[in-house]
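Chain by chain, the residues:
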Amino acid sequence: MLKIILPTIMLLPTALLSPPKFLWTNTTLYSLLIAALSLQWLIPTYYPYKFLSNWTGIDQISSPLLVLSCWLLPLMIMASQNHLQQEPMQRKRIFISTLVAVQPFILLAFSTTELALFYISFEATLIPTLILITRWGNQPERLSAGIYLLFYTLVSSLPLLITIMHLYVKIGTLHLPTLQLTHPTLSTSWTGMLSGLALLMAFMVKAPLYGLHLWLPKAHVEAPIAGSMLLAALLLKLGGYGIMRVTLFMGPLSNLLHYPFLTLALWGALMTSSICLRQTDLKSLIAYSSVSHMGLVIAAGMIQTHWSFSGAMILMISHGLTSSMLFCLANTNYERTHSRILLLTRGLQPLLPLMATWWLLANLTNMALPPTTNLMAELTIMITLFNWSAFTIILTGIATLLTASYTLFMLLMTQRGSIPSHITSMQNSTTREHLLMTLHIIPMFLLILKPELISGIPS
């Protein structure tokens, strides 16, 4: 574990001390090297924990998410090159350092075996994200987006800290493998109910559950491209991962806690998909689509069966890659037309024909076309929900129908139709952008061949 975390931390001096000519080259190559090293975590073992140390350990649930977070760092650095071109050298260095600073915390949050350390790193990821949004966003509204993000997260995570302390007083340990062996401590009393609610609430806001999701579209719209990729691909997964971790040792929860979360998650998947059909703003549309996908993950995490956890894992990984790619594509449009409004950036296929191919691929994976892992995950989750209660098929069915329709709507609006009259010239797409899209889509295609790697089932 340390052989990844230490090089990641050493990226900071690399970013701050590299000669100006080699700044991007050094940081990108170095982080790609770390990403390549992190692939060893995917090696299947028979042990429940790999690479176990006092504080960190990697099991089947955390290894795919860890590899994903290492993989996305070089992609975020590559995606940010263009919009930082005009900035002075010092600011470029600070920007890369901010990106790198999130990384150790995310790695710790996904790999820790101690609940207290998990809480600390879960909260610490907030600070660099906040800096990214409020300093490097495009519009002045980024300040209100930052305040939304800060207060939603803080209000929900203070009860989590109190409940973690309460658990420690009651059990005497916060070590996750030990907690899974102890008898369920949260009883059916009011205290147990409230502690269960407090444990889940922080992750529900992070995931985000429909109703607690209002910070997400704001933050996505105002964030720079690296901030959007970080939010969509990694920070939302922290919520899903936390739900899967916490529900495991809470024991069988009372239905009073399950039902509201399940209904809100499924209803939210339906509602946010229909909101997507009315969006005018491209980044906002992609942000709402991640709310609907994470709704399925929350629902799967709530019913706590092997199948549902496996489906939630696959969906989190494939959604991380897909939505990150969609944000990159939206950003390439934004850098050329300086507008996120769908009406003003339509008909780009004749101008950027190769980009249209990437748009098509990203949208097809987003709407869960077979044989992608997105389809496997959604089918797994729908089957487990149907097994739990037959009525859920109505909600999930309509949600998938709406997902397909808003994805096609996004594809047709951006690529087809007549070119608006105000677009007179358009820069060509660069090799860097194509490489960025390729590095997003190659893992997607390779995972189709071997989805066991990310399914969270002990192999």
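Reading the values: rules and limits
- Numbers given for residues are sequential positions, taken from 1 along each chain in its written order.
- With the structure being a predicted model, the display of local features is reserved for residues of pLDDT at least 70 and the display and counting of side-chain atom pairs for 80 or more, all residues being used for whole-chain, interface and lining totals.
- Where side-chain values are given, they derive from all heavy atoms of the structure, hydrogens and water being excluded.
- UniProt positions are given in the numbering used here, feature names are shortened, and annotations may be inferred rather than shown by experiment.
- Exposure classes here rest on a 1.4 Å probe applied to the protein chains alone. A residue is buried below 20% of its type maximum, exposed above 50%, and partly exposed in between.
- Here a strand is any run of E in DSSP of at least two residues, a helix any run of H or I of at least four, and the numbering for each starts at the N terminus.
- The criterion used for residue contact is that any of the two residues' heavy atoms lie within 4.5 Å.
- We define a polar contact as two N or O atoms separated by no more than 3.5 Å, with the added condition that, inside protein, one atom must be a possible hydrogen donor and the other a possible acceptor, whereas residues neighbouring each other in sequence contribute only through side-chain atom pairs.
- The patches described consist of residues with a relative accessible area above 30% and no salt bridge, like charges being joined within 9 Å and nonpolar side chains (Val, Leu, Ile, Met, Phe, Trp, Tyr) within 5 Å.
- To measure how exposed things are, a 1.4 Å probe is used in the Shrake-Rupley method; for residues, cover is taken only from the protein chains shown.
- What makes a salt bridge here is a side-chain nitrogen of Lys or Arg within 4 Å of a carboxyl oxygen of Asp or Glu, nothing more.
- How far a helix is expected to stretch is found by multiplying one less than its residue total by 1.5 Å.
- We call Phe, Tyr and Trp rings a pair once their centres come within 6.5 Å, taking the six-membered ring for Trp, and we label the pair stacked below 30 degrees between planes, edge-to-face above 60, and tilted otherwise.
- The rule for a charge over a ring is simple: NZ of Lys or CZ of Arg within 6 Å of the ring centre, and within 35 degrees of the ring normal.

Under the annotation held in an unreviewed UniProt entry, the protein chain carries the name NADH-ubiquinone oxidoreductase chain 4 and is attributed to Anser albifrons frontalis. Recorded in UniProt under Catalytic activity (unreviewed entry), the annotation for the protein chain is "a ubiquinone + NADH + 5 H(+)(in) = a ubiquinol + NAD(+) + 4 H(+)(out)". UniProt, in its Sequence similarities (unreviewed entry) section for the protein chain, records the words "Belongs to the complex I subunit 4 family."

Q: Would you explain helix H6 (residues 126-136) in this entry?
A: Residues separated by three or four positions in an α-helix point in the same direction, a consequence of the helix having 3.6 residues per turn. All of the buried residues in H6 are Leu126, Pro128, Thr129, Leu130, Leu132, Ile133 and Trp136. Packing partners of the buried residues in H6 comprise helix H4 (89-111), helix H5 (115-124), helix H7 (142-171), helix H10 (215-222) and helix H11 (225-249).

Q: Even after reading the chapter, I still don't get the side chain of Asp281, so can you show me in this structure?
A: Structurally, Asp281 can be placed in the loop between helix H12 (255-276) and helix H13 (282-303). Classification of Asp281 as buried rests on a relative accessible area of 11%. A distance of 3.0 Å separates a polar atom in the side chain of Asp281 from a polar atom in the side chain of Arg340. Excluding anything up to four places from it in sequence, Asp281 contacts Val221 and Arg340.

Q: It is not clear to me how the UniProt feature "domain: NADH:ubiquinone oxidoreductase chain 4 N-terminal" (unreviewed entry) in the protein chain should be interpreted in this structure. Could you clarify?
A: As annotated in UniProt, the feature "domain: NADH:ubiquinone oxidoreductase chain 4 N-terminal" (unreviewed entry) corresponds to residues 1-108 in the numbering used here. In this annotation, residues 1-108 is assigned 65% helix and 0% strand; the end-to-end C-alpha distance for the span is 9 Å.

Q: For this particular structure, what's the right way to read the environment of Glu222?
A: Relative to the helices and strands, Glu222 resides in helix H10. Taking the C-alpha atoms as reference points, Glu222 and Ser284, 62 residues apart in sequence, are found 9.6 Å from one another. Those residues in contact with Glu222, other than ones at most four positions away along the chain, are Ile133, Gly137, Asn138, Gln139, Glu141, Arg142 and Ala145.

Q: Explanation requested: a nonpolar patch on the surface in the structure shown.
A: A cluster of nonpolar side chains, contributed by Phe386, Phe391, Ile393, Ile394 and Ile398, occupies part of the molecular surface with about 510 Å² of accessible area. If one sorts the elements of the nonpolar patch by residue count, helix H17 (residues 392-415) sits on top with 3 residues. Looking at the secondary structure, you find Ile393 in helix H17.

Q: I'm lost on helix H1 (residues 2-17) in this one. Help?
A: Here H1 spans 23 Å end to end across 16 residues, near enough to the 22 Å set by a 1.5 Å rise per residue. Those residues of H1 not exposed but buried are Ile4, Ile5, Pro7, Thr8, Leu11, Thr14 and Ala15. Buried residues in H1 make contact with helix H2 (23-38), helix H3 (62-79) and H4.

Q: Looking at this structure, I do not really get the side chain of Thr396. What am I missing?
A: Turning to its location among the elements, Thr396 is positioned in helix H17. In this structure the side chain of Thr396 is engaged in a polar contact, spanning 2.9 Å, whose partner is the backbone oxygen of Thr392. Apart from residues no more than four positions distant in its own chain, Thr396 is found in contact with Leu266, Leu296, Met382 and Leu385.

Q: How should the packing of aromatic side chains be read in this particular structure?
A: Geometrically, a pair of aromatic rings is defined through the distance of the ring centres and the angle of the planes. For the coordinates displayed, the defined rule picks out 8 aromatic pairs. Taken together, a centroid distance of 5.2 Å and an interplanar angle of 90° make the contact between Phe110 and Tyr241 edge-to-face. Placement of Phe110 in helix H4 and of Tyr241 in helix H11 is noted, with a sequence separation of 131 residues between them. We classify Phe110 as buried; its relative accessible area is 0%. Aromatic rings pair up to connect Phe110, Phe118, Phe122, Phe203 and Tyr241 into one cluster. In this structure, Lys206 is placed above the aromatic ring of Phe122, and the distance from its NZ or CZ to the ring centre is 5.6 Å. The lysine or arginine in question, Lys218, covers the ring of Tyr148, its NZ or CZ lying 4.7 Å from the ring centre.

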